Amino acid sequence: MTANTPHRYRADIDGLRAVAILLVVLFHSGVTSLQGGFIGVDLFFVISGFLIGGIISKEIAEKRFSFYQFYLRRIRRIAPALFFMMAILLALGFILLSPLEFSQLAKYSVAVFISVPNMLLLKSGDYFSTDSDLNPLLMTWSLGIEEQFYIVLPFILLLAVRLRKSMVSVVLTISLVSLVACIWLTSVDSTQAFYLLPTRAWELGAGVLLALWRPQPVTGRAASLMNLLGWLLILASSVLISSDDRFPGWVAIIPVLAGCLMIGARSELNQLLLENPLMRFIGKISYSWYLWHWPLLSLARICSDNPLTVWQGLMISTLALGIAWISWRFVEQPFRQTRAGTRWVIPGYCASSLLAAGAMVLLWQTGE
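This text gives an overview of the structure that appears in the document. Quick caveat: nothing in here was measured; it's all calculated off a predicted structure.

**Looking at the overall build of the protein chain**
Consideration 1: The helix and strand inventory of the protein chain stands at 16 helices and zero strands.
Consideration 2: Projected onto its principal axes, the C-alpha positions of the protein chain cover 55 × 50 × 45 Å.
Consideration 3: Looking at the protein chain as a whole, 52% of its 368 residues qualify as buried.
Consideration 4: Residue pairs in contact within the protein chain that sit at least 24 positions apart in sequence constitute 82% of those at least 6 positions apart.
Consideration 5: Accessible area for the protein chain stands at about 16900 Å²; split by element, carbon and sulfur atoms hold 68% of it.
Consideration 6: With 27 positive and 20 negative side-chain charges, the protein chain shows a spacing of 15 Å between the two charge centroids.

**A closer look at helix α2 (residues 40-61)**
Consideration 1: The first and last C-alpha atoms of α2 sit 32 Å apart over 22 residues, in line with the 32 Å expected at 1.5 Å per residue.
Consideration 2: Along α2, 19 of the 22 residues are buried, which leaves the element largely enclosed by surrounding structure.
Consideration 3: Downstream of α2 by a residue or two, K63 has a phi angle that is positive, lying close to 55°.

**With respect to the nonpolar core**
Consideration 1: Core analysis: the biggest nonpolar cluster contains 100 residues, and M85, L137, W141 and L291 have the highest contact counts within it.
Consideration 2: If we ignore the near neighbours within four places in the chain, the residues touching L291 are A81, L82, M85, M139 and L143.
Consideration 3: Judged by nonpolar contacts, the second largest core, of five residues, contains L72, I75, A79 and V345.

**Details of the packing of aromatic side chains**
Consideration 1: Scanning all chains against the criterion turns up 22 aromatic pairs.
Consideration 2: Plain terms: the ring middles of F45 and W141 are 5.9 Å apart, the flat faces sit at 90° to each other, and that makes the pair edge-to-face. On the criterion of sequence distance, the pair formed by F45 in helix α2 and W141 in helix α6 (residues 141-162) is long-range, its members being 96 residues apart. For the residue pair F45 and W141, the accessibility class agrees, reading buried in each case.
Consideration 3: For the pair F194 and Y195, a centre-to-centre distance of 5.3 Å together with 80° between the ring planes defines the contact as edge-to-face.
Consideration 4: In this structure an aromatic cluster arises from ring pairing among F27, F38, F45, Y127, F128, W141, F194, Y195 and F247.
Consideration 5: Sitting above the plane of the F194 ring, R200 keeps its charged end 4.5 Å from the centroid.

**Digging into the environment of A359**
Consideration 1: Its place among the elements puts A359 in helix α16 (residues 345-367).
Consideration 2: Given a relative accessible area of 34%, A359 falls into the partly exposed group.
Consideration 3: Separated by 250 residues in sequence, A359 and S109 have C-alpha atoms that sit 9.8 Å apart.

**Let's talk about the environment of I151**
Consideration 1: With respect to the secondary-structure elements, I151 resides in helix α6.
Consideration 2: Between the C-alpha atoms of I151 and F67, which are 84 residues apart in sequence, the distance is 9.6 Å.

**Looking at the pattern of salt bridges**
Consideration 1: The final tally for this structure, using the stated rule, is 12 salt bridges.
Consideration 2: The closest approach of N and O atoms between K284 and D14, which form a salt bridge, is 3.4 Å. On the criterion of sequence distance, the pair formed by K284 in helix α13 (residues 277-284) and D14 in helix α1 (residues 11-28) is long-range, its members being 270 residues apart.
Consideration 3: Given a relative accessible area of 34%, K284 falls into the partly exposed group.
Consideration 4: Taking the relative accessible area as the measure of exposure, D14 reaches 5% and is therefore buried.
Consideration 5: Measuring nitrogen to oxygen at the nearest pair gives 2.9 Å for the salt bridge that ties E332 to R77. Here E332 is found in helix α15 (residues 310-337), whereas its partner R77 is found in helix α3 (residues 67-96), with 255 residues between them in sequence.
Consideration 6: The class of R77 is buried, set by a relative accessible area of 15%.
Consideration 7: In the salt-bridge network here, residues are joined through shared partners; they are K58, E59, E62, R64 and R73.

**Examining the packing of helix α5 (residues 117-124) against α6**
Packed helices, taken two at a time, are described by their axes: the angle between them and the distance between them.
Consideration 1: One way to put it is that α5 packs onto α6 with a least axis distance of 7 Å and a crossing angle of 140°. Our classification of the angle between α5 and α6 gives oblique. Two secondary-structure elements touch here, α5 through P117, N118, M119 and L121 and α6 through W141, G144, I145 and Q148.

Conventions and cut-offs
- Residues numbered from 1 in each chain as written.
- Predicted model: local features only at pLDDT ≥ 70, side-chain atom pairs only at ≥ 80, totals over all residues.
- Heavy atoms only, no water.
- Helix = DSSP H or I, 4+ residues; strand = E, 2+ residues; numbered from the N terminus.
- Buried < 20%, exposed > 50% of the residue type's maximum accessible area, 1.4 Å probe, protein only.
- Contact = heavy atoms within 4.5 Å.
- Areas by Shrake-Rupley, 256 points an atom, 1.4 Å probe, with all protein chains shown as cover.
- Lys, Arg positive; Asp, Glu negative; His and termini not counted.
- Charge placed at Lys NZ, Arg CZ, Asp CG, Glu CD.
- Expected span 1.5 Å × (residues − 1).
- Core = buried A, V, L, I, M, F, W, Y, C linked by side-chain atoms within 4.5 Å.
- Phe/Tyr/Trp six-rings, centres within 6.5 Å; stacked < 30°, edge-to-face > 60°.
- Lys NZ or Arg CZ within 6 Å of the ring centre and 35° of its normal.
- Salt bridge = Lys/Arg side-chain N within 4 Å of Asp/Glu carboxyl O.
- Axes fitted to C-alpha atoms, helices over the stretch in contact; angles between N-to-C directions.
- Parallel < 35°, antiparallel > 145°, perpendicular 65-115°, else oblique.

Next comes the structure, spelled out in structure tokens:
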């Protein structure tokens, strides 16, 4: 395998992150015209697969891949903002929730701290049910999918090299198996297909395949056509797909294809729509906004006697945007940029996660 061209910063990908988070936030805020806004998460999956797949494959090709350094970067990217949000959420939950409600929050917190929230949420029922609106940690299901994928992907790519197989062929085979499993299981039990890595891996795998096959974007007239089609598919997905559809299944192919078309090409259209300062800013803080918007919406719904109006949902999500900026500026950035105490980051993360999970188990059991 030849080394991929290094991934340079792409402002359009930050802009695509902004599109993804805006779709998710507007959907969660109750904007009914975007009944399929949840497909923003599928766009995030493609983006993550592309970026992480490109980084790992390049480092393997250059014989400098390190499991420690890879997981160190992932922890610095994910953990600080997540732990910060969890600490504030648990404090708010202790003040605002009943003992039983706080006990349930503690139970789901255990799963978050050990990176399996999607598996516990699977047992709680359908993502689109009204009961799920009252779970402040519902949005962590996608974090569980990504964290589990990060554990598996390096081994798959390294095994392909060790067996002298093409990375593309190995990832393609696994992704196709995952897609077939997703379509089949969705017809049988769409909730399991929604929450489990084996039936979601193909979405991240699509991004990995794009990174392996075409690490640099197409330009020119072909790029314009690809980006235009990508926009049309995103619009169609967010407007026409709904919670009534059996999702993910074959329907999820549409937003995944849209994500690939957007990342795989860079046209003047996307430079105008995605690379402007506002979209890049939203994209940069999209992770923190994703973490904060849902818990605040959920707590408001729990504490309110009446359903939230769209305007109330939008106001709360705007407040979450402000908190997201604070988290990004004062939590995410300092931890990502520091180089101090590198050797203790992973042991410290593991220890703190286990301690936090243990404490949550005690609170959960006490509350029940």
